[in-house]
Structure formats: C-alpha cells, structure tokens
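Listed below, chain by chain, are the residues.
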Amino acid sequence: MSISIPLRRLLLAAGLILPLAGCNTILLNAPGDIARQQGNLIIVSTLLMLIIIVPVIALTLFFAWRYRASNKAATYKPDWDHSLQLELVIWAAPLLIIIALGAITWISTHTLDPYRPLDRIAEGRPVPEGTEPLVVEVVALDWKWLFLYPEQGIATVNELAAPVDRPIQFKLTSSTVMNAFYVPALAGMIYTMPGMQTELNAVMNAPGDYEGFSANYSGAGFSGMRFRFHAMDAAGFDGWVAKVRAGNRLDRDAYLALEKPSEREPVRHFGAVEDGMFDAILNRCVDPRRMCMHEMMAIDAGNGPGRTGIEGLEARQRGDLRGRRYVQSAMCASTDAPAAGLNTSLSRLAP
C-alpha cells in the first residue's frame, strides 16, 4: 500500500520535530528567580527581533514569487531607484527595535548584575528583613568542584546544596586555569580565575535536584567536571549539613592532595575546614612555603627591601620600554620582614 504525498510530508515533518522532544527548556522556565528573569530576557529579545525577521523572510518569498520571470503581469519599472516612504519603513522599524533592545539591555545589565545583592527572592516577594545570604565559597579544581561553607564550617566536592527561598552569595576562584561555574536552573554563568575572586548572587525557589557543570573548556577532564545542586527546605538542608559533618577534616595538606588533577571525582564530604582556607586558595599560598599574593603586593606597595641590597623597586634598564619600576622575582621571600613604615605583617607559617 502506497502512502499518499500529503501523509508522507506529514510524517517527514513529525520525524524532524521528534528530536526536539528531548530538548531541556529549563533555561526558559527556570525555578531560580535570577535564571527565570534571564530566560524572560531571551524570550523578549527574540520576539522583538522576529518583528523584523519574519516580515523580511515573508517579503523575500513574496517578491521572488511575484516578480518571477514567468509573471508577465508584474509591474516593470527599470528606471525606478528611490522611494522616501519605503526608506522610512526600512530604517525606522529596525531603529525602533534597536532602541527597545538597548533599553532592555541597559536595565537588565544592572538588575541582573551577578555582584548585586538580591532585593527579592521571587516576583512580588522581597527578601525578608534581617535575612542573611548563605555564603558558599567555590573553587574550580582540575577537574572537580570544591564548595566551602564558612557559616557551617564544612566543605564538599562535586555536591552543592542550599535551602529554597534563601539568597545565596557565591564567592568564586580557581586553582589553576580559568573556568566557568554554571547551574542553568539557578542563574547565569560566572567565570572563575586563579588569584581573583568573582561573585554571584542568586536564589532557588523550588526544591529539586539540578545539574551544575563547567561551561569553559579546561583540559582533559573537562567533560566530567559536573556536580549536583540539591535545593531543599530548611529542615532538609540542616539534615544535609549534619550528614556532611561526619566527614574528614579539610586542612592544608588535604587540600594540596585534593588539588592534584583527577577526573570524574566522586562526591566527598569534609566535616571541618581549616580556618582561612579560601583566602589561602585565593592568594595562592595554601603551601606555607609560599608568600601570599596580598602580602607580596603589600611589600611592593611599601617599597620593601630587596635581596640585591637595593631599597625599593628596581628601575628599568635603558632601552626597556615596558614602563614603570618593578619588583624583581628574587627580591622578597616569606621570611623577609616588612619595610620600615609598612603597615602589614607576614602571617606565614614556618617553612
């Protein structure tokens, strides 16, 4: 039995649409307030652009059909080259769309700034007075994620949890290379860089188990650099914290072992964390034999003494066009005392 042409076309169209059934639309219907606003921004921007795109495509098809070679009834004006009315339509409509997109982008850029503390937990629901955000310190390792909870004194590897309807303040850095922290259901992507701290403020409004991953290629184990984000009520979060507290202690030696590259690392819990761990990671001085970046910069700013006997910063050699005076790589060490008048102290451990 042969299949009719209309039925064949219908089946072909259904076959082309079928793969779309597996698409995840969480970006456009996210349970987190920040991600939801970003999804709405995508929808509004797309609709505004379609105001131009759809008529252009339709008119292109219309003119191709209307002025085909076989249509002798079509108007033929070989000397026509300008129409003021047509020029106004052609330029005015895109200009209005650009103005609208520019206004939306300007407002959204400030409203959805990842560094901006939240003023609401959902539409029509401001943050309750006196509510403190849950602080989570995030470290991108090779190739895993470390989450530190300073308020609870715990840490986890490749597992993140937070109570619903409570603002979350993420402080992020990286151990080696630039990476990107991304939980599509929660908020937009934010980069992590070694020696620098970025910040992301977000909130989750619905309990559930969501996926988080690295959105920036960082080497061989990149594809397995994923974690689960558990959003739960306050009681559930307290129970999760109690379970994590049964883990081992994360001290400097444990971190240095954890920092070594590994792929598809299983979930790990640390029931206690050594004080100042995130600051040491951020300043690249978890190893006590290394000087912290902020201490080195303080010595630099105070024109600290140098190993060569030259006080202060070194001048460039004649012909060196790289600019200002500089600190020699061997000018200071963790055991050096600060320069006179330098308002700082070296909080180093013995090598």
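Summarised in this report is the structure supplied together with it. (Residues numbered from 1 in each chain as written. Predicted model: local features only at pLDDT ≥ 70, side-chain atom pairs only at ≥ 80, totals over all residues. Heavy atoms only, no water.)

### Remarks on the pairing of strand β10 (residues 198-202)
Our working definition: For every residue, the accessible area (1.4 Å probe, protein chains only) is compared with the maximum for its type, and the residue is labelled buried under 20%, exposed over 50%, or partly exposed between those bounds. Each helix corresponds to a stretch of at least 4 residues labelled H or I by DSSP, and each strand to a stretch of at least 2 residues labelled E; elements are numbered beginning at the N terminus. One bridge is not enough; two strands pair if DSSP finds at least two bridges between them.
For β10, the buried fraction is high: five of the five residues fall into the buried class. Judged by which residues are buried, β10 turns out to be covered on both faces: T198, L200 and A202 on one side and E199 and N201 on the other are all buried. Where strand β7 (residues 168-174) and β10 come together, five bridges link them in antiparallel fashion. Counterpart to Q169 in the pairing with β10 is N201.

### Examining the packing of helix α2 (residues 33-66) against helix α3 (residues 84-111)
Rules: Lines are fitted to the C-alpha atoms to define the axes, a helix being fitted only along its stretch in contact, and any angle between axes, read from their N-to-C directions, falls within 0 to 180 degrees. Orientation labels follow simple angle bins: below 35 degrees gives roughly parallel, above 145 gives roughly antiparallel, 65 to 115 gives roughly perpendicular, and whatever is left gives oblique. Contacts are assigned to residue pairs with any non-hydrogen atoms lying within 4.5 Å of each other. All residues other than Ala, Val, Leu, Ile, Met, Phe, Trp, Tyr, Cys, Pro, Asp, Glu, Lys and Arg, Gly among them, are scored as polar; the first ten of these are nonpolar and the last four charged.
As a packed pair, α2 and α3 sit with axes 9 Å apart at the nearest point and diverge in direction by 170°. Looking at the two axes, α2 sits roughly antiparallel to α3. Facing α2, whose interface residues are Q37, L41, V44, S45, L48, M49, I51 and I52, α3 presents A93, P94, I97, A100, L101, I104, S108 and T111. Among the residues making up the contact of α2 with α3, the classes are represented as twelve nonpolar, four polar and no charged.

### Details of the sheet that holds strand β8 (residues 179-182)
The sheet built from five strands is open, its strands ordered β6-β12-β11-β8-β9 with mixed pairing. Bordering the open sheet on either side are β6 (159-163) and β9 (190-192), each of which pairs with just one other strand. For this sheet, the mean inter-axis angle between neighbouring strands, taken without regard to orientation, is 25°. In this sheet, β9 lies alongside β8 in antiparallel orientation, the contact comprising three bridges. Note on β9: the bridge partner recorded for N179 is T192. Where helix α4 (residues 234-244) meets the sheet, its contacts fall on β6 and β12 (226-232), and the angle it forms with β6 comes to roughly 145°.

### Structural notes on the sheet that holds strand β5 (residues 154-157)
An order of β10-β7-β3-β4-β5-β14-β13 is seen for the seven strands of this open sheet, with the pairing classed as mixed. Single-partner strands in this sheet number two, and they are β10 and β13 (248-250). Put simply, the sheet's adjacent strands are angled 30° from each other on average, direction ignored. Pairing analysis gives seven bridges linking strand β3 (residues 134-141) to β7, with the strands arranged parallel. When the bridges of β7 are listed, V136 appears paired with F170.

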